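# Observations on chain architecture
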Amino acid sequence: MASSTITLQPAQNHQTLTICSDSAPAIRGEIRVPGDKSISHRALMLGAIAEGETQIAGLLLGEDPLSTAACFRAMGAVISELNSQQVTVRGIGLGQLQEPVTVLDAGNSGTTMRLMLGLLASQPRRFFTVTGDASLRSRPMKRVIQPLQQMGAEIWCRSGGYAPLAVQGKALKPIHFQSPIASAQVKSCILLAGLLTAGSTTVTEPALSRDHSERMLRAFGADLTTDPETYSVTVTGGATLRGQRVIVPGDISSAAFWLVAGAILPDSELLIQNVGVNPTRTGILEALALMEADITLENHRLVTGEPVADLRVRSSSLKACEIAGDLIPRLIDEIPILAVAATQATGKTVIRDAAELRVKESDRLAVMAKQLNRMGAQVNELPDGLEIIGGTALQGAEVDSDTDHRIAMSLAIAALKASGSTVIGRAEAAAVSYPDFVTTLQQLCQ
Ligand code: S3P
């Protein structure tokens, strides 16, 4: 078996990941990935606003859910020490969030800031300020501020609609919001605001985004209806939420790195156990199937309202594919790693309708094109996507995560396939969603 040297080293305030293989390693065995990030955020938030106790097993201990926990602790929720076995949240009840004595810090997490804003705006007579890191302070917040303002919310922001934000909570009025984008963060923000709002609040999306909020809100006792034909969800305010037991499945967005690694590295076979396969998240499986990757789902089951399966991937010869339209929201976070797969596929892969990637933790279209091209790939940036000519041999290079967790991990998988040594700057970003990524990488490539 080929051997690889994988080292993480401190570099000023950051960490550099160096990956050097004499030839592409085979990865074999069984692994688990950390808990789903979206479900972890929602379990903490709903636990905090419910009455009674919520037990969370499998919580992601990444930096993003840690930010959510810190914000809700600052508003009075009692959250036990965070671990992936069992976390207990003692809820304080809807409308009972306390006014925090200082600024709430959402860190790098768009989900924390946007979802939380719906709750803050609807807490009568309390004042909140919210900020985040440099990346989050440059991400658009108008998409949630505007519909909340239509509900009567009082929110202040920097010009252009950026954090830091200030919120004077008050009773809101219900609206029917036609969202111009398929975004679970926008949808969830408005639904959470609707929980405390008298009457029925509806969000209609142009395509279906992840539905974890809808599933969990129902389980906690919210009065919620969906119309799958029109991608609409309605919440009627006033229901009491009650603490629940939530078992968080492994994150398919984290599994995606190993699915692509297993597909592109020769003689590989990997079983990834306990992965969430909610149909609003499995676009990556459909895209990899279009590319003729050998991936099978085993042991399909339902765990506290979310579909879960074990995923088996074996090496395969990938073919180029075209990805656009309604598939995009169902694989939105997997496009960086899909771009890596496309560099190894025969033919030209085209990804369109993905302009949303420009306002994620980084401009993921620009950053992936630039960094993969440094490694000898042929990637063209389109206004709303990428065009990737596959089949090029990747070479080791100096690349950079741009502080974006998914870019750091995608480049690490590309590096396994590259000749020579790849040095990934600011690789510590991976800890936002996958703190053990480098350890698992080292174990698989021993
Ligand atoms: C998320 C929704 C997605 C996704 C993000 C997590 C969520 O964002 O990119 O990583 O937990 O609701 P958008 O809904 O804004 O596309």
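So, how was this worked out
Residues numbered from 1 in each chain as written. Predicted model: local features only at pLDDT ≥ 70, side-chain atom pairs only at ≥ 80, totals over all residues. Heavy atoms only, no water. Helix = DSSP H or I, 4+ residues; strand = E, 2+ residues; numbered from the N terminus. Expected span 1.5 Å × (residues − 1). Buried < 20%, exposed > 50% of the residue type's maximum accessible area, 1.4 Å probe, protein only. Near = heavy atom within 4 Å. Polar contact = N/O pair within 3.5 Å; in protein donor to acceptor, adjacent residues only side chain to side chain. Areas by Shrake-Rupley, 256 points an atom, 1.4 Å probe, with all protein chains shown as cover. 1 Å grid on protein atoms, 1.4 Å probe; cavity = no way out; pocket = protein on both sides within 12 Å on 5 of 7 lines; lining within 4 Å. Sits in = over half its atoms within 2 Å of the grid points. Nonpolar A, V, L, I, M, F, W, Y, C, P; charged D, E, K, R; others polar. Domains from an automatic or database assignment. Pairing = 2+ DSSP bridges. Axes fitted to C-alpha atoms, helices over the stretch in contact; angles between N-to-C directions. Salt bridge = Lys/Arg side-chain N within 4 Å of Asp/Glu carboxyl O. Buried area = accessible area lost by both parts, 1.4 Å probe.

## Remarks on helix α3 (residues 110-121)
Helix length check: α3, at twelve residues, gives a terminal C-alpha distance of 17 Å against a target of 16 Å (1.5 Å per residue), a fit within 8%. Most of α3 is tucked away: twelve of the twelve residues are buried. Among the residues of α3, Gly110, Thr111, Thr112, Met113, Arg114, Leu115, Met116, Leu117, Gly118, Leu119, Leu120 and Ala121 are the ones counted as buried.

## Concerning the site of the ligand
Close to the ligand lie Lys37, Ser38, Arg42, Thr111, Ser183, Ala184, Gln185, Arg210, Ile332, Asp333 and Lys360. A distance of 2.6 Å is found between an oxygen atom of the ligand and a side-chain nitrogen or oxygen belonging to Arg42. Note that an oxygen atom of the ligand is positioned 2.7 Å from one of the backbone N or O atoms of Ala184. Relative to its unbound accessible surface of 380 Å², the ligand loses 96% to contact with the protein. If you map the ligand onto the pockets, it falls in the largest pocket. Contributions of two or more residues to the shell around the ligand are made by α1 (37-49) and α5 (184-194). When residues in the shell around the ligand are grouped by element, the largest group, three residues, is from α1. Classifying every residue of the shell around the ligand by side-chain character gives two nonpolar, four polar and five charged. Residues from two domains meet in the shell around the ligand; each of domain 1 (5-35 + 250-444) and domain 2 (37-247) gives at least three.

## Topic: the sheet that holds strand β16 (residues 269-276)
Pairing is mixed in the open sheet, where four strands are placed in the order β3-β16-β18-β17. Here the strands that pair on one side only, and so sit at the sheet edges, are β3 (28-32) and β17 (294-303). The sheet shows a mean angle of 15° between the axes of neighbouring strands, taken without regard to direction. Note that β16 and strand β18 (residues 306-314) share six bridges and pair antiparallel. In the strand pairing of β18, Leu271 is matched with Arg312.

## Some details on the pattern of salt bridges
Summed over all chains, the structure comprises 27 salt bridges. Between Arg312 and Glu298 there is a salt bridge, with its nearest N and O atoms 2.7 Å apart. Of this pair, Arg312 sits in strand β18 while Glu298 sits in strand β17, and the two are 14 residues apart along the sequence. For Glu298, a relative accessible area of 28% corresponds to the partly exposed category. What emerges from the salt-bridge pattern is a single network uniting Arg139, Arg210, Asp333, Glu361, Arg364, Asp404 and Arg406.

## Quick look at the domain arrangement of the chain
Its domain assignment divides the chain into domain 1 (5-35 + 250-444) and domain 2 (37-247). Between the C-alpha centres of domain 1 and domain 2 the distance comes to 29 Å. Between domain 1 and domain 2 the total buried area reaches about 2,200 Å² when both faces are included, carbon and sulfur atoms providing 48% of it. Of all residues in domain 1, Thr280, Glu361 and Val432 give up the largest surface area on contact with domain 2, accounting jointly for 23% of the area buried on that side. Taken together, domain 1 and domain 2 are joined by three salt bridges. A salt bridge links Arg210 to Asp333, with the nearest nitrogen and oxygen atoms 3.3 Å apart. Elements that contribute at least two residues to the side of domain 1 that touches domain 2 include exactly β18 and α11 (405-417). Across the side of domain 1 that touches domain 2, the residue classes tally to ten nonpolar, seven polar and ten charged.

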